[in-house]
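The residues making up each chain are set out below.
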Amino acid sequence: MAEAAEDADLYHEYNATLEFDYYNSMLINTMDEDGNYVNLGGEFPLEENEHFNKLPVNTQQSVIQVPTNVYNKDPDILNGVYMSEALNEVFVSNFDKDPTLTWQYFGSSTGFFRLYPGIQWTPDENGVVTFDARNRNWYIQAATSPKDIIIVVDTSGSMKGLRLTIAKLTINTILDTLGENDFVNVIAYSDYVQYVEPCFKGTLVQADLDNREHFKVLVEGLHVKGEGKVKKAMKEAFRILNEAVTMGKGSLCNQAIMLITDGAMEDFQQVFEEFNWPERRVRVFTYLIGRELTFAENVKWIACNNKGYYTHISTLADVQENVMEYLHVLSRPMVINHDHDIIWTEAYMDSVLFNTQAQSLLLMTSVAMPVFSKKEETLSHGILLGVVGTDVPLKELMRLAPRYKLGVHGYAFLNTNNGYILSHPDLRPLYKEGKKLKPKPNYNSVDLSEVEWEDTEDILRTAMVKGETGTMSLDVRATVDKGRRVVFLKNEYFYTTINETPFSLGIVLTRGHGKFIFTGNISVEEGLHDLTASDVVISNEWTYCETDIDPHHRKLTQLQAVVRYLTGKEPDLQCDEALLRQTLFDAVVTAPMEAYWTALLLNASGIDDGIETAFMGTRSGLMRLFRFVGAEKRVAKKFLSTSDKDNLFTLDHFPVWYRRAAENPAGRFLYYVPKDMRDVFRDYEVDYSTSFGPRDHNSECEDDGRILIAVTTVTVTVGQKTAVAGAVGVQMSLEMLEKRLWAITTQPNDTDCAGVEGLCPLSCTKSTELNCYIIDSNGFILISKDRNEVGRFFGEIDGSVMSQLLRMGMFKRISLYDYQAMCKVNPHSTSSARPLLSPFYNMMAALKWFMYNVLLFLLDFNIFGLWHSDHFVDAKASFHASSKKSKGDILQPCDTEYPSFVYEPSIKETNSVIKCGRCQKVFVIQQIPSSNLLMMVVQADCDCSRQYSPITMEPREVKYIASVKCDRMKSQKIRRRPESCHAYHPQENAKDCGGAADIRLSIALFLTSLFISTIISH
C-alpha cells in the first residue's frame, strides 16, 4: 500500500484548478429535493457483510471521509484524493488474497481519509464529523519517532479572555497527538514558572491516557495574571530535557518545546545560546495566539533558529490544523531517509469511526507505515504524504491460542512494550453510564501488574516487557462469577516476545488442570452420527474450522463447518484435526446420556417436578443439553441460551459451572444460584452507594433468584493418571428445592413434645422464632423464608452471626483488589448564598454568559468566512466541539479492595450464643455432606443489629495520601523503548519554519467586539 501511494504521487503533477468528483462517505446515496444525487454523492452500493460485523459495506470500492473543519473541495484535498485513487485497486487485491483482512486505509497529511471497504459515514448528533485521521494514534506513531515534549504556556495578564481559551485548546490538541511511547510535562509562566501539576516538577511523565487526561483537567483551571517572563520558563524546559538525556529517562529520541504565547518581548537569544546551540538538539515550536501580530517576528525567530515551526492561531477553528504542523517537521528525518518503520498501536476502541455498538466497542490494534514523497525537488523538505494501515481485531489474535489446549482455568494474554495490557480475559474495558456502554477512561493503559496483581515484585512484568522468553510460577487468588467467589490456584506462566512487534505473549496453565487429556480413537462415521444428535452443540466462538478465509464459509456455524468438512463437502476448509478428534470422541462417549435423560423423562416417577434442564460439557467445547420442560413452562428463560455467555464455552473462558465444578472432587455436588446478584466489580452501575438489595428483574437477569444449578465433575483415572473428562449438572427451579427443605424441616403436629424444652414441634416456615437458611461455601444464601434474601451475602442479612463465624474460624475473609474499578466522584459543592442575596445576580450572570459567547462568536470568525458556508459551518462545529463540556461525569477510575469469604471445610458443625444487650441469639450451623452447602438455623427473636453492623462485599476505594499518590502518578516502571529513532538528518531544510497567516480584519467587527469586551470586564 505504501509503495503504491508513493508511486502514484511521484507521477502525479499538482493541478491547482483540478476538478474531480469522488465518493464522499458523508454524501453517498444522498439525493436532493429533485431526486438527483448530490455533488460528491452518487450511487454507492452497500451490502451487509458478516466479516465486518454485518455492517453495510462495498468491497469493490473505497470512500473518502473529510472532517467537518476541512473544505472538501480544497485543491490539496482534490489532488490528494485523485492521486490516491491508485490505492483502491491495491485494497481490493489485498482483500482478495487475504479475506481475513479487515479495514484498510490511507490517512493523508492534508486531512482526508481513504477507507476500504467503503461505508456510509454517520456524523454525530450535531451533524459534525470530528474524526481526523491525523489525530489517530496509528497516524501519529507512524509519522514520528518517540518524543519528549515540554509544553510552555503564557498565562500573563495579556492572555485573558479568548486568548487563554485558544491556548487551552492548543495544549489539549498537542496532548492528543501524544502516545504511550512519548513523554510530556506542562509549564505555565507569568512572573514566575508554575508546573501545572506540582507533583511532576522537574521531570517528564509518560504520555499515557491517564496522564494526558489528568493534564487536561488541570489546564482547564489555568488563570492569567502578571507579566510574561519567558526566559525563566524556557530555561526550566531545557533543564528538564537535558536531565532526561543525562539520566537515560524519557524517550531518548526527539525532544521539543512547544511555546504558546501572545508575544515575546525579552532578550531570549542568550537562553538558546546557552542550552541549545549549536547542535539545536531540542526543537522549539511556537504558537502565536490572538490576532495581534506585533511580536510575530520574535516568535517566528525562536522557531526558525531552533529547527522548529512557527504558526499563528487567531481563532479556535485554527487550532487543529496548526498543531498538526509539528508532526510533519518531526517526520522530516525519517522521510528524507525513507525509513518505512512498521508500527503497532496499543489496544483501542474506535467509537469515533463506528457508530454501531458492535463495532465501536471492539478492541483492536492497528499496524501502520508512513508514506513519503519521492520527488527529488522536495527531498530536503521531507514531505510526509500520510500513513497507510490496517486494523487487527485482538479477538482474532487470541484465536491463535486454542482455548481447549489451555484447560479450564488457563488463558492467553498479550501486553505491550510499555507493560500495558493488549488483551487479557480479566481486562474489563467497559462500564455502563445510564443505559449506554462506554469505554473506561483508562481502558488501554491498564498495566499488567494491575491484572496479574499477585506478581508483587513485577518479575513477570519485567521479563515480558524486556522481551524475554521464560517461565515462572505464582500462587494466585483468582475469582469466578464476576469477582464474587475466590479460587486458589497455582499458575504456571510461559511467555515470549512476538517478533517484529512490540508485543509479548503469555500463556497461563493451572497446575492440576490440563496436564492429562481423556482421548480415544473412533471412526468419523460413528462420531458424526453422535455429533449431529439434536441435543449436541459445540462452541461457536472456538475455531474447529476456519470459516473466515473463504467468504462463502462466513455464514456457516462451527458445527455446520465441521460436518461439511468431515463429510467431504468442503474438503478445502482448514480445520484443527486434534480438536476434531477430541470432539468426535466426546460425542461418542457422552452419547448414552441422551438415552438416559430420555428414559427419565418417559418414566413417570423418574423426574421431580421442577427439574428443567440436564446438561454436560467436555473439554472439547461440546455440550449436551436436554430440556425436561417446554420453553413456555420453564422458569429459566435465559440459562444456556445463546445470550447466556457466562454459562457457555466462549473464546475467553469455560462456563462458570464448569470452572467451579473443576475445583471440587468428582461426586461432590456444587450448588449455586446463577447470576444471583450484581457483580462485585460494579462496572455496570453508576451509583456505588446502592446496597445489594432486591433486584429489578429485567430481561438480562430474568432468571435471578428463581433457579438453582447443581453440578459436579466427571473424571477418568487410568493407573496413577487422572483427567477431568467434563462436568455434568442439572438446572432446577428454586421453588422445588424450597418445598423439599421446608418439608424436611417441619415436624408434624402430632410430634411428642413431652420433656422437650423450647419450641416443639419445630418448623422453619411456621415458626416466627426461627430463621432457617441454606448457604453455600462462599456465604451466599440459596434458600430463605424471605425470597428477597436469595443470592445475597449472609453477612448483609445478619452481621452478628457472620461476625461470630469469622471469629470461630468457620469462614475466612480473603482480601482481593481491583485496579480497574470506577468510583463515584463527590461533586464540588458551591455556595448558593450569593444568588439568594440579590435577585439580580442570576440575571447578570446570564447576561455575562450570553455576551461572552457573543464575543467568542464574533472573534472566532472573520467576514471572509461568511462567503463560504462550508468554512462557516466547519468552524462553528469546531468551536462548539471544543467548548462543550461533558455533564454528569460522575465516575472516575480508582483502585478498590473488596472481600471474598470462604468456608473452612475442616469444621463440619458448630453452634454458639451471641449476647446482644438484653437478649441472646443462638444459632447452629452444619455442613451438608457431598456438597458445598451448609444448613443454618438462627434464633429470630433477638435483634443484634445495634451491636453488629452488616458485613458486606461492598468494594472500598483505596485512598492514597498525597505523597503516595504523587509517587504512583510519576513513577516510571520498566519499559522497552521502540527500536527505531529518527531525530536528525543533515539534509533537512530547517528554513522551512512556517509563516504568518493571511488576516482580514473588519473594523466594525473589531469595534463591536471591543465594546462587548469592555462591558464584560466591567
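Residues numbered from 1 in each chain as written. Predicted model: local features only at pLDDT ≥ 70, side-chain atom pairs only at ≥ 80, totals over all residues. Heavy atoms only, no water.

Caption draft 1: Region of interest: the overall build of the protein chain. Along its length, the protein chain carries 30 helices and 38 strands. Burial status across the protein chain gives 52% buried among its 1018 residues. Of the contacts made within the protein chain by residues no fewer than 6 positions apart, 72% connect residues no fewer than 24 positions apart. Split by element, the accessible area of the protein chain, about 46600 Å² in all, is 52% carbon and sulfur. (Helix = DSSP H or I, 4+ residues; strand = E, 2+ residues; numbered from the N terminus. Buried < 20%, exposed > 50% of the residue type's maximum accessible area, 1.4 Å probe, protein only. Contact = heavy atoms within 4.5 Å. Areas by Shrake-Rupley, 256 points an atom, 1.4 Å probe, with all protein chains shown as cover.)

Caption draft 2: Spotlight on the packing of aromatic side chains. Following the criterion strictly, the structure yields 42 aromatic pairs and no others. Seen in terms of ring centroids, Phe272 and Trp277 are 6.4 Å apart; in terms of plane orientation they differ by 25°. Their pairing is stacked. Taking the relative accessible area as the measure of exposure, Trp277 reaches 18% and is therefore buried. Each ring, one from Phe780 and one from Phe793, has its centre 6.0 Å from the other, and the planes form 65°; the classification is edge-to-face. A residue pair is termed long-range when its members are at least 10 positions apart, and Phe780 in the loop between β31 (770–776) and β32 (781–784) and Phe793 in the loop between β32 and α23 (794–797) qualify at 13 residues. There is no split in this pair, since Phe780 and Phe793 are both buried. (Phe/Tyr/Trp six-rings, centres within 6.5 Å; stacked < 30°, edge-to-face > 60°.)

Caption draft 3: Quick peek at the state of the cysteines. A complete count under the given rule lists eight disulfides for this structure. Covalently, Cys823 is tied to Cys894 through a disulfide, its sulfur atoms 1.8 Å apart. In this structure the cystine formed by Cys823 and Cys894 twists about its S-S bond by roughly 70°; its chirality is therefore right-handed. Taken together, the residues span a long stretch of sequence, with Cys823 in strand β33 (residues 811–824) and Cys894 in strand β34 (residues 891–903) at a distance of 71 residues. On the basis of relative accessibility, which here comes to 5%, the residue Cys823 falls in the buried class. Residue Cys894 is classed as buried on the basis of its relative accessible area, which comes to 8%. (Disulfide = S-S within 2.5 Å.)

Caption draft 4: Local environment of helix α22 (residues 734–744). Those residues of α22 lying buried are Leu734, Met736, Leu737, Glu738, Leu741 and Trp742. Turning to α22, the residues buried within the fold contact β26 (611–618), β29 (707–718), β30 (721–733), β31, β32 and β37 (933–939).

Caption draft 5: View of the sheet that holds strand β4 (residues 104–108). Pairing in this open sheet of six strands is antiparallel, and the strands run β3-β5-β4-β15-β14-β13 from one edge to the other. The open sheet has two edge strands, β3 (63–65) and β13 (343–344), and neither has a second partner. On the sheet, helix α1 (residues 2–10) packs against β14 (364–372) and β15 (384–393) and is oriented at approximately 30° with respect to β14. Those strands touched by helix α3 (residues 86–97) are β4 and β5 (113–116), and its axis lies near 155° from that of β4. (Pairing = 2+ DSSP bridges. Axes fitted to C-alpha atoms, helices over the stretch in contact; angles between N-to-C directions.)

Caption draft 6: Fine view of the nonpolar core. Ranked by internal contacts, the top residues of the largest apolar core, which has 83 residues, are Tyr22, Trp138 and Tyr493. Ile151, Val184, Leu222 and Val329 belong to the second-largest nonpolar core, a separate cluster that totals 41 residues. (Core = buried A, V, L, I, M, F, W, Y, C linked by side-chain atoms within 4.5 Å.)

Caption draft 7: Spatial organisation of the sheet that holds strand β20 (residues 470–480). Across the sheet, which stays open at both edges, the five strands sit in the order β17-β16-β22-β21-β20 with antiparallel pairing between neighbours. In this open sheet, the two edge strands, each paired with only one partner strand, are β17 (421–423) and β20. Taken pair by pair, the neighbouring strands of this sheet meet at an average axis angle of 35°, ignoring direction.

Caption draft 8: Main features of the environment of Glu6. Tracing the backbone through its elements, the reader meets Glu6 in helix α1. Residue classification places Glu6 among the buried positions, given a relative accessible area of 3%. For Glu6 and Ala86, which are 80 residues apart along the polypeptide, the C-alpha to C-alpha distance reads 10.0 Å. Beyond its immediate stretch of four places on either side in the chain, Glu6 contacts His340, Pro370, Val371, Phe372 and Lys374. Of note is the side chain of Glu6, whose polar atom sits 2.6 Å from the side chain of His340. Within the local environment of Glu6, its side chain forms a polar contact with the backbone nitrogen of Phe372, the two atoms lying 2.9 Å apart. (Polar contact = N/O pair within 3.5 Å; in protein donor to acceptor, adjacent residues only side chain to side chain.)

Caption draft 9: Region of the structure containing the pairing of strand β12 (residues 310–313). Taking every second residue as pointing to the same face, both faces of β12 are buried, with Tyr310 and His312 on one and Thr311 and Ile313 on the other. Pairing analysis gives four bridges linking strand β11 (residues 282–289) to β12, with the strands arranged parallel. Considered in β12, the bridge of Tyr287 is made with Thr311. You can see the chain leave β11, run along helix α9 (residues 296–304) and come back into β12, and the turn it takes is right-handed. (Right-handed = clockwise from strand over helix to strand, strands pointing away.)

Caption draft 10: Seen up close, the pattern of salt bridges. Summed over the entire model, instances satisfying the criterion amount to 37 salt bridges. The salt bridge partner of Lys973 is Asp458, with a shortest N-O separation of 3.3 Å. Taken as a pair, Lys973 in the loop between α29 (962–970) and α30 (1003–1017) and Asp458 in the loop between α15 (448–451) and α16 (459–465) lie far apart in primary sequence, 515 residues in all. On the accessibility criterion, Lys973 (37% relative accessible area) is partly exposed. The partner of Asp481 in a salt bridge is Arg485, with the nearest N and O atoms 3.2 Å apart. The buried category is assigned to Asp481, whose relative accessible area is 11%. Judged by its relative accessible area of 2%, Arg485 falls in the buried class. Sharing partners across several salt bridges, the network here consists of Arg283, Arg332, Glu988 and Asp992. (Salt bridge = Lys/Arg side-chain N within 4 Å of Asp/Glu carboxyl O.)

Caption draft 11: Spotlight on the side chain of Arg975. Tracing the backbone through its elements, the reader meets Arg975 in the loop between α29 and α30. Within the buried core, Arg975 has no salt-bridge partner, and the shortest N-O distance to an opposite charge, that of Asp182, equals 7.4 Å. Of note is the side chain of Arg975, whose polar atom sits 3.3 Å from the side chain of Asn181. Among the polar contacts made by the side chain of Arg975, one reaches the side chain of Asn418 at a distance of 2.6 Å. (Lys, Arg positive; Asp, Glu negative; His and termini not counted.)

Caption draft 12: Quick peek at unusual backbone geometry. Note the cis peptide between Tyr116 and Pro117, where omega equals -5°. Here Pro117 is to be found in the loop between β5 and α4 (137–143). With an omega dihedral of 5°, the bond running from Trp277 to Pro278 counts as a cis peptide bond. If you trace the backbone, Pro278 turns up in the loop between α8 (269–275) and β11.

Caption draft 13: Seen up close, the pairing of strand β35 (residues 909–916). Residues Thr910, Ser912, Ile914 and Cys916 of β35 are buried on one face, while the alternating residues Glu909, Asn911, Val913 and Lys915, pointing to the opposite face, are not. Between the end of β35 and the start of strand β36 (residues 919–927), which pair antiparallel, lie two residues, with Gly917 showing a positive phi angle near 65°.

Caption draft 14: Here's a closer look at the packing of helix α18 (residues 558–566) against helix α19 (residues 577–589). At their nearest, the axes of α18 and α19 sit 12 Å apart, and the two run at 100° to each other. Overall, the two elements α18 and α19 adopt an arrangement that is roughly perpendicular. Taking contact as the criterion, the partners of Val562, Tyr565 and Leu566 in α18 are, on α19, Glu577, Leu580 and Leu584. Residue classes in the contact of α18 with α19 are distributed as five nonpolar, no polar and one charged. (Parallel < 35°, antiparallel > 145°, perpendicular 65-115°, else oblique. Nonpolar A, V, L, I, M, F, W, Y, C, P; charged D, E, K, R; others polar.)

Caption draft 15: Focus on the packing of helix α17 (residues 524–531) against α18. Packing of α17 against α18 leaves a shortest axis separation of 11 Å and a crossing angle of 155°. Judged by the inter-axis angle, α17 sits roughly antiparallel to α18. Taken as a pair, α17 and α18 cross one another with a handedness that is left-handed. Where α17 abuts α18, its residues Val524, Leu528 and Leu531 lie against Leu559, Val562, Val563 and Leu566. (Left-handed = near helix turned anticlockwise from the far one by under 90°.)

Caption draft 16: Representation of α18. Those residues of α18 lying buried are Gln558, Ala561, Val562 and Tyr565. The buried residues of α18 occupy one face: seen down the axis, they fall within an arc of 100°. Of the surrounding elements, those touching the buried residues of α18 are α17, β23 (536–538), β24 (545–546), β25 (574–575) and α19. Gly568 sits one or two positions beyond α18 and adopts a positive phi of about 85°. (Arc of directions from axis to C-beta.)

Caption draft 17: Inspection of the environment of Asn79 at higher detail. By the secondary structure assignment, Asn79 is in helix α2 (residues 75–83). Asn79 gets classed as buried once you look at its relative accessible area, which sits at 3%. For the pair Asn79 and Leu18, spaced 61 residues apart in sequence, the C-alpha separation works out to 7.0 Å. For Asn79, the residues in contact, after removing those within four places along its chain, are His12, Glu13, Tyr14, Asn15 and Leu18. A distance of 2.9 Å separates a polar atom in the side chain of Asn79 from a polar atom in the side chain of His12.

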